[in-house]
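# Residue-level structural notes
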Amino acid sequence: MDPYSAEGELINIHNHFHQGQYTEVVDFDVSSLSAENALPARVLQLRARIALGQAEDVLADVQGEKEPELEAVSALAEQALGNNDKAVEIVESLAQSAGDNATVQILGGTVLAAAGKSEDALALLGKHEGSLDAVALIVQIHLQNNRNDLALKAVTEARRWAQDSLLVNLAESWVGLRLGGERYQQAFYVFEELAQAPATSSVRTLVSQAVAELHLGRTEEAQAALDQALKKDPGYTEAIANLLVLNVITGSKTQQELTSSLVQANPEHPLLTDLNEKSELFDKAASKYSAKVSA
Amino acid sequence: MQASSGMLTKFESKSSRAKGIAFHPKRPWILVSLHSSTIQLWDYRMGTLIDRFEEHDGPVRGVDFHKTQPLFVSGGDDYKIKVWSYQTRRCLFTLNGHLDYIRTVFFHHELPWIVSASDDQTIRIWNWQNRSLLCTMTGHNHYAMCAQFHPKEDLVVSASLDQSVRVWDISGLRKKHSAPTSMSFEDQVNRANQNQTDMFGNTDAVVKFVLEGHDRGVNWVAFHPTMPLIVSAGDDRLIKLWRMSETKAWEVDTCRGHFANASGCLFHPHQDLILSAGEDKTIRVWDLNKRTAVHTFKRENDRFWVIAAHPEINLFAAGHDNGVMVFKLERERPASTVYQNQLFYITKEKHVKSYDFQKNVESPTLLSLKKLGSPWVPPRTLSYNPSERAVLVTTPADGGSYELINLPREGSGATDATDSRRGQGNSAIFVARNRFAVLNTSSQTVDIKDLQNNTTRSFKPPVGTSDIYFGGTGNLLIITPTAVHLYDIQQKKTTAELAVNGVKYVVWSNDGLYAALLSKHNVTIVSKTLEQISTLHETIRIKSATWDDAGVLLYSTLNHVKYTLLNGDNGIVRTLDQTVYLVRVKGRNVYCLDRSAKPKILQIDPTEYRFKLALVKRNYEEMLHIIQNSSLVGQSIIAYLQKKGYPEIALQFVQDPTTRFELAIECGNLEVAVEMAKQLDRPKLWTRLSTEALAHGNHSIVEMCYQKLKNFDKLSFLYLTTGDEAKLSRMAKIAEHRGDFTSRFQNALYLGEVEDRIQMFKEIDLYPLAYMTAKSHGLEEECQSILEATGLTEDQLNLPTFGEPLAPPKPVVPTFKANWPTKATSQSVFEKALLGQMEGLSLEDETAVNGAGEEAEEATMGDALIEGDEDEDAAGWDMGEDIVPEAEEGFVNVETADTGGAGSSEADLWARNSPLAVDHVAGGSFETAMQLLNRQVGAVNFVPLKPRFLEVYQASKTYLPASAGLPPLINYVRRTVEESDPRKVLPIIPRDLEHLASNDLQLGYKLMKENNLKDGLPVFRNILHSVLINAVGSDSEVAEAKKLINSAAEYTLAMSIELQRRSLDPSELQRTLELAAYFTIPKIQVPHRQLALLNAMNLSMRNKNYNTALSFANRILANGGSPKILETARRAKTQCERNPNDAVEIEFDQFAEFEVCAASFTPIYSGTAYEECAFDGSKYHTKYKGTVCTVCQVCEVGKHGSGLKLFG
C-alpha cells in the first residue's frame, strides 16, 4: 500500500511537510512507524530540517550513509549551503546508479531544477511511478518555464488517479494562479482551507492564501493574511516579498524598511535580483535618449 | 420501522395508571385522571404539577376541559360526574344518575352539555348549567366504554363491550332545548308532546347507525374532525375505520398490527393519519388513506390506556400504567440554513425556498423535495454550499438518508430535483467547498464524500456519536450524548473535547470565532478551539439561537427571545406568543422561521444588550451613544451596573438625588456627592460625606460638612490640623459668643492663648485653675491679681511642681490653603470618555466644517478643471499602435508547442497585448515603453521616471512559495481579474488615476495650504510621472486623466515660481515682485490662488507698489472666500486707493492676458508665439524649443508626438 495514501502511515507527516509545517515534521513521532516507512519518514524529517535552515546538521547526520536516499539528502543539503556544483555532481551520479529510486528522483529533481537544469530535472522526474511529489515538482518546473500548458496537462493527469491528495490540490492551485480567471477563486479556496484550519495552517499556506487574494484584487484581505504570516515568522522571505508587492499596489509608503529586511532575509531573492537587473536595463535604455538642446 | 424515528417526547409524568387525559385548548396544560382517584393538572411545557383534585372515590376514568370556560368535568368509578372550576380550584357540583362506573365524559363544543358513557350500559347527556339530566340513551347491552359528541353535527358516537359502535342522532334534543325565543302555541304544544314522548326515551336521541364489525368489545370511538369518518379500537386488537353518509354507514377498512387489546384511537387533527394506543405497549400511527402503518412507538413496560390530541397544535398525549407522556409525531423545526444575506429553508410542502434578509422577499420555490424520504417525515437538516450552489438535505425517514442536490439558478416554480445524489446517513453537512461529511449512527462511521458522492475517506468517530456539525475549516464538531469533540478531518483525530451533555444544535458566530452549543436546557458558548467561554441554564426548553454581529448570542426558548453575552450575562429581549426558530439578527430585527416554516421578522430593542456589551468591551463611545440616544433607564440597569462594579457609570443614568448621592459616594465622586448633599441637606448625608471626604483627604469638603453639621469641636480640630489659625481664632470667638466654655477652652488651647484661658477660668469662678494656668506660664502679674481677687496669699497655696509650659506647635505648611493630595479615581474612565467625547464632538464639528470646505474646494476644483482646455487634439490619441510587436504568431507557437523548452511568460504577453507604455513597463520591456513614450509625448529624459517604472514593474509579480527547495513561483497580477484568455490579460497598475486623485493630489493640496512648497513640488511632479505611466478604463477617464495632468502641471509651475522667488537675494526687488505677481497666474484652486494673491498683495504693499497691490486686492475680493483674507484685502484696498501708484516698476500688466513661461518665468503675452510640452501642456518662449520641459522634467519642449495613450 502506498504509505502516503489516505490510509497510509505517512499521510500526516507527508502532509505536514507539504503544508510547510516543518517543525511538526521534525517533531513527528516516528517511533511507531513500521520498518519500511522509517526511512521515508527520516528523509522527510531531514528535508524539513534543511528547509528550517539546519542544512549543516543534516549534512553531518547523513555523512557516510550509503543509502541512495540519504545521499540524495546530502546533495540537497549541499545545495542549501550554496555548494551548487557539488550537489549537482552527487545527483548526476545518483541518477546513473539509482535513477529508479523515488526519493532520488524527487530530491535530485529539486536540486537540478534549483540549479537551473530544468530539462535534466524533468528527465529524472519523468521516471517516477505514481509519485505525487514528483508530479508536483514537474508541475512547478513547467510553470517556472512558463509552460502553463504542460503544467496543466500534468496536473489534470494526476487528478485522475489521485484526486483527493493534498499535493494534487496544491499543484492545481499553483497552475490556477498562473492561469487566472475563475481558477483564482478555486486556488484561493484551497489555500484558505489550509491556512485557516489550525491543524494545517503554516506561514507558507498563509502566504499562498495572501497571494491568491492579491491576484483576486482583494488587497485588504491579502494584507491581513500577510500580517498573520509575518506574525508567525517575521523573517519569512516570501511574506516580506509579497508584502512589498502589495504595498506597491496599494500605494503605501513603508517600503524602505521592508526592502532592507528582505535583503537581510535573502539578498538573492528573485524580487531583488530582478529589480536590480531591471534598474540597470532602465539606465541603459534611458541613456539612448536626450534632449536636442541641453538646458 | 424504527421506534426511535420521529417520536419526540415533550413531557412525561410518573404516577399511577392514567385513565383519562384532556388538553387545555389554549394553555400548555393537561388534565390527567388517575386510577388512584386523583386528577392532576400539569403544565407540560414547564413540567410542573399545577394542581391536584381529589374528591372522587376510586378510579377516575373520564376527564375533559371546557373549551372556553375555566371548567373541567370528570367521571369516576364512584358513579359521579363532577364539574370543577380550576380557577377556584374546587368542585362546583356533582351530577348523579349513573348506576355504575363512568368511563368517559365530554363537554359539548357549544351547548352547555356533557355526554357520559357508563358501565350501566347507558349514555347520558347532561346540562351543566342547570345541572340536570337531559337524556338517557339506551341500546347498548354491555358496558358503554366511550361516547363523544360530533364536533359539528348533532351526532353522538358510542362504543360498547357489546362489540358495536353506535351513532346517535340528537337533533331532537337540540331542538327541544334550544332557547325558546318566540314560540308559537303550536310549538309549545309540540314541545309538550315531545316531552311526553321523551318518557319513552326515543325521540330526543335516536340510534342512527349501528356499526358491527369488531368481534370483541369496543373500547374507544372517535369522529373525524371534518370528514364523515369514524375510527374505533377494540379488544379484537383491531382499529376500524368507518364511513357514513346521510343514510347509512359502513366499514371501510381495518388496521391490523396491535397484538393486544387496542384501548384508544383518534384522527390526527390536521393530517391524514390515525393514531392508536394499546395494551401491547405501543402507539401506532396509520396512514388514513392507505391504512398502512406509518410509525410504531413502543414502550418498554407500560400498557397504554388512553390517547388524546391537542385540538390546535401538533401535540398528543397518551396515558399508560405509570403516568402520561406528551409527544409530537414529527419535528416542527423547519430545516434551514443561512448564507450571508440569504436564508434557505424547507417549507411544510417540502419546497426549498430562499429568503433575502435585506430585501425581505421570499423566493419562489427553488426545488421540490416531494420524493425525498417518506411523505410523513419532514427533512431534518439543510446544508448549503455557496460555491457549488448545492444543498444537502437529510431526513430521518428510512433509517436516515441524505440527498445532495444542485439548486437551479433561478426558482422556476416547483421543479422536482432532477440531478441528485443520495445515500444512507443520519447527518450530512458540507465541510468544505467540495466535500461533505456523512454520519451513520448505526455503523458509527463518518464518511467524507466529494460532490460525486464518492467516499474519499472514512473514519470512526468517538463512541456514541449522535450528530455532527461543521467545526470550522477542516474540522467537524462531533456530538456524543455527554461530550462534544472537535475533530480534525485531515489528521483524523480529536483535537479538543468538552464535556457537555445532550447538545442538540451548534450555532456559529458570524465571524466563526465562537459557537453556541444548544442542549435542551443549556447554552454553552465555546471558542473555535472548543474552549468553554460561558454556559447558562434555562428552566424551559431552548429552541434556537443566532449571533448578533457584535458577538451577542440571541436565543429563543419556548416563550422568550433572550440574549447572552460571551461572559454569560443574559436577559430577556422579548416574549413570544408562539415558538419560533431564530435565524438571523440585524439591528432591531430578528429574523426567524415559525412552525409553519414562514419567515417572520420580530422587532426587538437591542439597547440593553448592546449597552452591556459596550460595558464589557469598555467601548465608552458606544455606551455614551446609547445613553444619549435611547431610553435606557430603570432600576435594573442601575443595579446591574452597581453589581458589576460600575457605580460611576450608573451615576450617569440616575436622576434621583438620594441614589445619586449613594452612587457618588460609592465611586468617590465627591463633587456630585456635594451637589446632591446640598440639594438634600440632611445631617446624615453630611456626616457620611464628611467621613468619605476625610478618607479622600479633601479637607475643604470636610470643613463644609462640619459647618453644615455645626460640629464645632471637629471643625476646630480640623483647623488645628490644617494649621488655619485665623479660622481657629474665629472659632474661639464663636465659642465665646455661644458661651460654650469647653469649646472656648479647647480653642484657646489649640491657639496657645494663655490669657484667654485664664480669663475664661476667672469668668466661671475657677480661680484655682486660672491661677495655676497663669503660674505655669509665668504670668506673675496675673497671679497676683487672681490672689487679690480671691483674697489669698501665695503661702496659703499648696502648689505642685510645674513642668515646661506647653505650647501648641506652629504650623509649618499652610495646609488649609489647598487640599491634601486627594485620593485618585474620582473621575472614571467613563467620565473621561464623556469629556473626551465632548471634545471629540466639537472636533468632529470642526472637521465636518472642514470637510464641507473641502467639498466646496473640490467643487471649485472640478469647475476649474472643466474650465481647463479641452481643445487638445483628440485625434492624436488613436495613433501609436505601429510599435506593437506582432503578437499573434509567437503566441500561437506557445500554444501548439508540445515538448520541453521554456515558453514566454505572461509578462511578455502584456507588451504584446497592449499599446500602452505602462503595460510594457509592467512586462519589463522598458525599451519599447520608452519608445512609446518618446513617440507619444516626446519623452527624452527618462531618469525622473525610474521610480515609477520600477514601481509598476514590481507591482505585477507575486512570489508563491511552492515545493521546498525551489525558488518561489512567480505569478503575474492582473487588472483584468476575470479574464483568463492570455491574449487579453493585462497587468495591474499601482496608483491608478483614482488613487492619485484621492491621495497624492490631496497631499499636494495640503502641502500647498501649509505653505510647504519644497515638499509639495515633488508631489505634483510625481503625479505627472505617475499619470504618464498609467492606464485607465474608459474614454471618460482619459478626460479625467488630462484634467489631473493639467492641474498637477499648474501647481508644479506655481510652486516653482514661488520657490524661485524665495531663493532670490532681497536686493533683487523688482524680480521678487514680478515673481510674486506671476505666482498668481497659474490656474490653481481658488483658495490656493487667494494665498498667492495675498502673498503678492502684501509684498507689493510693503514695497509701496500700491497700484499693483490694488489689483491683487480687487482679485481677492472678486474671488471671495475666507472672511479673514477678505478683510485684509479690503483694508489694503482702502489704503491703496489713497495713493494708487507703484514705487518699483515691474513687468506685470494687470490688464493684459498672459501665461508664464515655465523655463524663464516671464510672461508670454497672448498672441505671441510659444512652444509647449506635449505631455503637461506647460508653455515656453520659442527659444526653449528642444530643451527638457521644466515642469515634468521628462519631455522635450516643442516636440509634438501622437499624444499620450492611456486607454487601449
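As the structure is a computational prediction, the values presented were derived from the model and not from experiment. (Residues numbered from 1 in each chain as written. Chains lettered and ligands numbered in written order. Predicted model: local features only at pLDDT ≥ 70, side-chain atom pairs only at ≥ 80, totals over all residues. Heavy atoms only, no water.)

## Structural notes on the overall build of chain A
Rules: Secondary structure counts use DSSP, requiring at least four H or I residues in a row for a helix and at least two E residues in a row for a strand, with both numbered from the N terminus. Here's how the labels work: a residue is buried when its accessible area is under 20% of the maximum for its type, exposed when over 50%, partly exposed in between, all with a 1.4 Å probe on protein chains only. Contacts are residue-level and defined by heavy atoms, with any inter-residue pair within 4.5 Å sufficient. Residue exposure ignores everything except the shown protein chains as possible cover, and the areas themselves are Shrake-Rupley values with a 1.4 Å probe.
Helix and strand counts for chain A stand at 17 helices and zero strands. The 295 residues of chain A split such that 55% are buried. The long-range share in chain A, meaning contacts at least 24 apart out of those at least 6 apart in sequence, stands at 48%. Accessible surface, chain A: about 12,800 Å² in total, of which carbon and sulfur atoms supply 48%.

## Re the confidence of the model for chain A
Basically, it comes down to this: By definition, pLDDT measures how confident the predictor is in each residue, and it falls between 0 and 100.
The pLDDT averaged across chain A works out to 85; a share of 96% of its residues lies at or above 70. Across chain A, element-level confidence peaks in helix H13 (residues 203-215) of chain A with a mean pLDDT of 90 and bottoms out in helix H16 (residues 255-265) of chain A with 81.

## Concerning empty space enclosed by the protein
Rules: Only protein atoms enter the 1 Å grid used here. Points where a 1.4 Å probe fits but cannot escape make up a cavity, open sets with protein on both sides within 12 Å along at least five of seven lines make up a pocket, and a residue lines them when an atom lies within 4 Å of a point. Grid points are joined across faces, edges and corners, and a volume is the space filled by probe spheres set on the points. Start and end points for every domain follow an automatic or database-based domain assignment.
Taken as a whole and judged by the stated rule, the model has six cavities of 30 Å³ or more. Of the volumes computed, that of the largest cavity is approximately 420 Å³. Lining the largest cavity we find 23 residues, and of these Asn169(A), Glu193(A), Ala432(B), Arg435(B) and Gln490(B) sit closest to its centre. Listed by contribution, the elements that provide at least two residues to the lining of the largest cavity are helix H11 (166-179) and helix H12 (182-196) of chain A together with strand S38 (427-432) of chain B. Per-element accounting of the lining of the largest cavity gives the leading share, three residues, to H12(A). Taken domain by domain, the makeup of the lining of the largest cavity includes at least three residues from each of domain 1 (130-179) and domain 2 (182-274) of chain A. In this structure, the second largest cavity encloses a volume near 90 Å³. Lining of the second largest cavity is provided by 13 residues; of these, Phe17(A), His18(A), Arg47(A), Ser963(B) and Ala964(B) occupy positions nearest its centre. Sorting the residues of the lining of the second largest cavity by element identifies helix H1 (11-18) and helix H9 (132-144) of chain A as the ones contributing at least two each. Top contributing element to the lining of the second largest cavity by residue count: H9(A), with three residues.

## Quick word on the sheet that holds strand S27 (residues 316-320) of chain B
Residue and element names in this part refer to chain B. To be explicit about the condition: By this definition, two strands are paired if DSSP reports at least two bridges between them. For helices, the fitted axis covers only the stretch in contact; all axes are lines through C-alpha atoms, and the angles between them, taken along N-to-C directions, range from 0 to 180 degrees.
What the four strands build is an open sheet, ordered S1-S28-S27-S26; its pairing is antiparallel. Strand pairing shows two members of the sheet lacking a second neighbour, strand S1 (8-12) and strand S26 (304-309), which therefore form its edges. Strand-to-strand, the axes of this sheet are offset by a mean angle of 25°, without reference to chain direction. As defined by bridge partners, S1 adjoins strand S28 (residues 323-328) across four bridges and the pair is classed as antiparallel. When the bridges of S28 are listed, Glu12 appears paired with Met325.

## Some thoughts on the packing of H13(A) against helix H14 (residues 219-232) of chain A
Residue and element names in this part refer to chain A. Put simply, the test is: Roughly parallel here means an angle under 35 degrees, roughly antiparallel means over 145, roughly perpendicular means 65 to 115, and every remaining angle is called oblique. Left-handed describes a crossing whose near helix is turned anticlockwise from the far helix by less than a right angle; the clockwise case is right-handed. Each residue gets one of three labels, nonpolar for Ala, Val, Leu, Ile, Met, Phe, Trp, Tyr, Cys and Pro, charged for Asp, Glu, Lys and Arg, and polar for the others, Gly among them.
At a minimum axis separation of 8 Å, H13 and H14 run at an interaxial angle of 165°. The orientation of H13 with respect to H14, classified from their angle, is roughly antiparallel. Judged by the twist between their axes, the crossing of H13 over H14 is left-handed. Within the contact between the two elements, H13 uses Val203, Leu206, Val207, Gln209, Ala210, Glu213 and Leu214 and H14 uses Glu221, Ala222, Ala225, Leu226, Gln228, Ala229 and Lys232. Across the contact of H13 with H14, the residue classes tally to nine nonpolar, two polar and three charged.

## Looking at the interface of chain B and chain A
We count it as follows: Buried area counts how much accessible surface, traced with a 1.4 Å probe, disappears from two parts once they are put together, with both parts' losses summed. Salt bridge, as used here, is a side-chain nitrogen of Lys or Arg placed within 4 Å of a carboxyl oxygen of Asp or Glu. Throughout this description, a polar contact denotes any pair of N or O atoms lying within 3.5 Å of each other; where both atoms belong to protein, one of them has to be capable of donating a hydrogen while the other can accept it, and for residues adjacent in sequence the pair is counted only when both atoms sit in side chains.
Listed by partner, the interface residues are 75 residues for chain B and 81 residues for chain A. Summing both partners gives a buried area of about 6,600 Å² for chain B against chain A, and 58% of it is carried by carbon and sulfur. Scanning the region where chain B abuts chain A turns up two salt bridges. Of the charged contacts in the structure, one is a salt bridge between Lys288(A) and Glu927(B), with a shortest N-O distance of 3.3 Å. The tally of links from chain B across to chain A stands at 18 residue pairs in polar contact (both at pLDDT 80 or more). Listing elements by their share of the side of chain B that touches chain A, those giving two or more residues are strand S41 (455-459), helix H18 (887-896), helix H21 (926-937), helix H22 (946-955), strand S57 (957-960), strand S58 (969-972) and helix H23 (993-1009) of chain B. Of the residues forming the side of chain B that touches chain A, the biggest block, seven residues, is contributed by H22(B). Partitioning the side of chain B that touches chain A into residue classes produces 31 nonpolar, 24 polar and 20 charged.

## Some words on the sheet that holds strand S55 (residues 589-594) of chain B
All names here are of chain B. Taken in spatial order, the three strands of this open sheet run S54-S55-S56, and their pairing is antiparallel. Because the sheet does not close on itself, it has two edges, and the strands there are strand S54 (580-586) and strand S56 (599-603). Geometrically, the sheet is characterised by an average inter-axis angle of 30° between neighbouring strands, direction not taken into account.

## Quick word on the environment of Met244(B)
All names here are of chain B. Take Met244: it is sitting in strand S20 (residues 238-244). Sequence spacing of Met244 and Pro228 is 16 residues, and the spatial spacing of their C-alpha atoms is 5.6 Å. Those residues in contact with Met244 that lie beyond four places of it in its chain are His150, Leu155, Val167, Phe209, Phe223, Pro228, Ile230, Ala249 and Trp250.

## Some remarks on unusual backbone geometry
Residue and element names in this part refer to chain B. Not every positive phi belongs to a glycine, and Gln121 is a case in point at roughly 75°. Here Gln121 is to be found in the loop between strand S11 (113-118) and strand S12 (123-127). Given the relative accessible area of 31%, Gln121 is considered partly exposed. In the Ramachandran plot, Asn360 falls in the positive-phi region, its phi being about 60° despite a non-glycine side chain. Relative to the assigned elements, Asn360 resides in the loop between strand S31 (351-356) and strand S32 (361-362). Residue class for Asn360 comes out partly exposed when judged on its relative accessible area of 43%.

## Quick look at the pattern of salt bridges
Evaluation of the coordinates by the stated rule reveals 54 salt bridges over all chains. Taking the shortest distance from any N to any O, the salt bridge between Asp149(A) and Arg147(A) comes out at 3.1 Å. Note on Asp149(A): relative accessible area 22%, which makes it partly exposed. We classify Arg147(A) as buried; its relative accessible area is 3%. The partner of Lys1179(B) in a salt bridge is Glu1172(B), and the shortest N-O contact between them spans 3.8 Å. Judged by relative accessible area, Glu1172(B) falls into the partly exposed class, the value being 21%. Connected via shared salt-bridge partners are Arg42(A), Arg49(A), Asp61(A) and Glu65(A).

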